[in-house]
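Chains, contacts and geometry: an overview
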Amino acid sequence: MTEQELSNAMKTYGDTVYRLALCRLQNAADAEDVYQDVFLRLLGQRTGSWDGEHLKAWLIRTALNRCADLGRARKRRGAISLDEVPDMARPVDEAAAELWDAVGRLPEKLRTAVHLFYGEGYESGEIGALLGVPAATVRSRLRRARAELKDLLGGFDDGKSVSEADGTDPYARRAE
């Protein structure tokens, strides 16, 4: 990979890699380390025949793997709370900030699924391929995450399941 290709990849996908690492690790310094490691590894790859989607998938998979490596190391040395993350990494909108703070309190598997689905715009099948789990597992994680977020944010229950209300899932995105 040339320096120009690396620069383009960093401009195009750098935010995605950093946000994913920050979501997964909840530590800005570790997220920066993952960002750096991922793009250093990319520099050593032969990417001549890769299209944009293949490159993005490789970056996300590599970031997830590096996060897992750091997560194991973090268990040995402890971690800081999400409140200690600099304000620049937080959403500006107060409602969004409250929501993403609640997302940050979810278990790692649920938090990652929510980030990839809502934050990065991947479909459940794509997320499943990235995480190495079936798409149904991703949908279950998203469903559990929404239920936990509802509890964390003080949502109300109208007594109906989403599918009973009108036969559709308001959280599901439709291909148009």
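Each remark here, short or long, concerns the structure printed above.
The notes below deal with the structure included here. Quick caveat, the model's predicted, so the values are computed rather than measured. (Residues numbered from 1 in each chain as written. Predicted model: local features only at pLDDT ≥ 70, side-chain atom pairs only at ≥ 80, totals over all residues. Heavy atoms only, no water.)

1. Brief notes about the overall build of the chain
Across its full length, the chain carries 8 helices and 0 strands. For the chain, the N- to C-terminal ordering of α and β elements is α-α-α-α-α-α-α-α. By the burial criterion, 36% of the 176 residues in the chain qualify as buried. Looking at the chain alone, contacts between residues at least 24 apart form 65% of all its contacts between residues at least 6 apart. Accessible area for the chain stands at about 10600 Å²; split by element, carbon and sulfur atoms hold 50% of it. (Helix = DSSP H or I, 4+ residues; strand = E, 2+ residues; numbered from the N terminus. Buried < 20%, exposed > 50% of the residue type's maximum accessible area, 1.4 Å probe, protein only. Contact = heavy atoms within 4.5 Å. Areas by Shrake-Rupley, 256 points an atom, 1.4 Å probe, with all protein chains shown as cover.)

2. Looking at the packing of aromatic side chains
Summed over the entire model, instances satisfying the criterion amount to 3 aromatic pairs. Geometrically, the ring pair formed by Trp-50 and Trp-58 is tilted, given 5.7 Å between the ring centres and 45° between the ring planes. Trp-50 sits in the partly exposed class, given a relative accessible area of 22%. (Phe/Tyr/Trp six-rings, centres within 6.5 Å; stacked < 30°, edge-to-face > 60°.)

3. Focus on the pattern of salt bridges
Tallied over the entire structure, the rule returns 4 salt bridges. Taking the shortest distance from any N to any O, the salt bridge between Glu-120 and Arg-19 comes out at 3.0 Å. Pair noted here: Glu-120 is in the loop between helix 5 (108-119) and helix 6 (124-131) and Arg-19 is in helix 1 (residues 3-25), with a separation of 101 residues, a long-range link. By relative accessible area, Glu-120 is classed as buried at 11%. Its salt-bridge partner being Asp-69, residue Arg-66 comes within 4.0 Å of it at the nearest N-O pair. Linking Arg-66 with Asp-69, this pair stays in helix 3 (residues 52-77), spanning 3 residues, or about one helical turn. Three or more residues joined by partner-sharing salt bridges are found here, namely Asp-37, Arg-66 and Asp-69. (Salt bridge = Lys/Arg side-chain N within 4 Å of Asp/Glu carboxyl O.)

4. Observations concerning helix 6
For helix 6, the set of buried residues is Ser-124, Ile-127, Gly-128, Leu-130 and Leu-131. Burial along helix 6 is one-sided: seen end-on, the buried residues are contained in an arc of 165°. (Arc of directions from axis to C-beta.)

5. Section: the environment of Asn-27
Its place among the elements puts Asn-27 in the loop between helix 1 and helix 2 (28-43). A distance of 3.0 Å separates a polar side-chain atom of Asn-27 from the backbone nitrogen of Ala-29. A polar atom in the side chain of Asn-27 sits 3.0 Å from the backbone nitrogen of Asp-30. (Polar contact = N/O pair within 3.5 Å; in protein donor to acceptor, adjacent residues only side chain to side chain.)

6. Structural notes on a negative patch on the surface
Taken together, Asp-51, Glu-53, Glu-123 and Glu-126 make up a surface patch of like negative charges. Under the relative-accessibility criterion, Glu-123 is labelled partly exposed at 38%. (Patch = residues over 30% accessible without salt bridge, like charges linked within 9 Å, V, L, I, M, F, W, Y side chains within 5 Å. Lys, Arg positive; Asp, Glu negative; His and termini not counted. Charge placed at Lys NZ, Arg CZ, Asp CG, Glu CD.)

7. A short note on the packing of helix 1 against helix 2
Two elements in contact, helix 1 and helix 2, have axes whose closest approach is 8 Å; the angle formed by their N-to-C orientations is 140°. Helix 1 and helix 2 meet at a crossing whose hand is right-handed. In this structure, helix 1 uses Leu-6, Ala-9, Met-10, Tyr-13, Gly-14, Val-17, Tyr-18, Ala-21, Leu-22 and Leu-25 to contact helix 2, whose residues at the interface are Ala-28, Asp-30, Ala-31, Glu-32, Val-34, Tyr-35, Val-38, Phe-39, Leu-42 and Leu-43. In terms of residue class, the contact of helix 1 with helix 2 is made up of 17 nonpolar, 1 polar and 2 charged. (Axes fitted to C-alpha atoms, helices over the stretch in contact; angles between N-to-C directions. Left-handed = near helix turned anticlockwise from the far one by under 90°. Nonpolar A, V, L, I, M, F, W, Y, C, P; charged D, E, K, R; others polar.)

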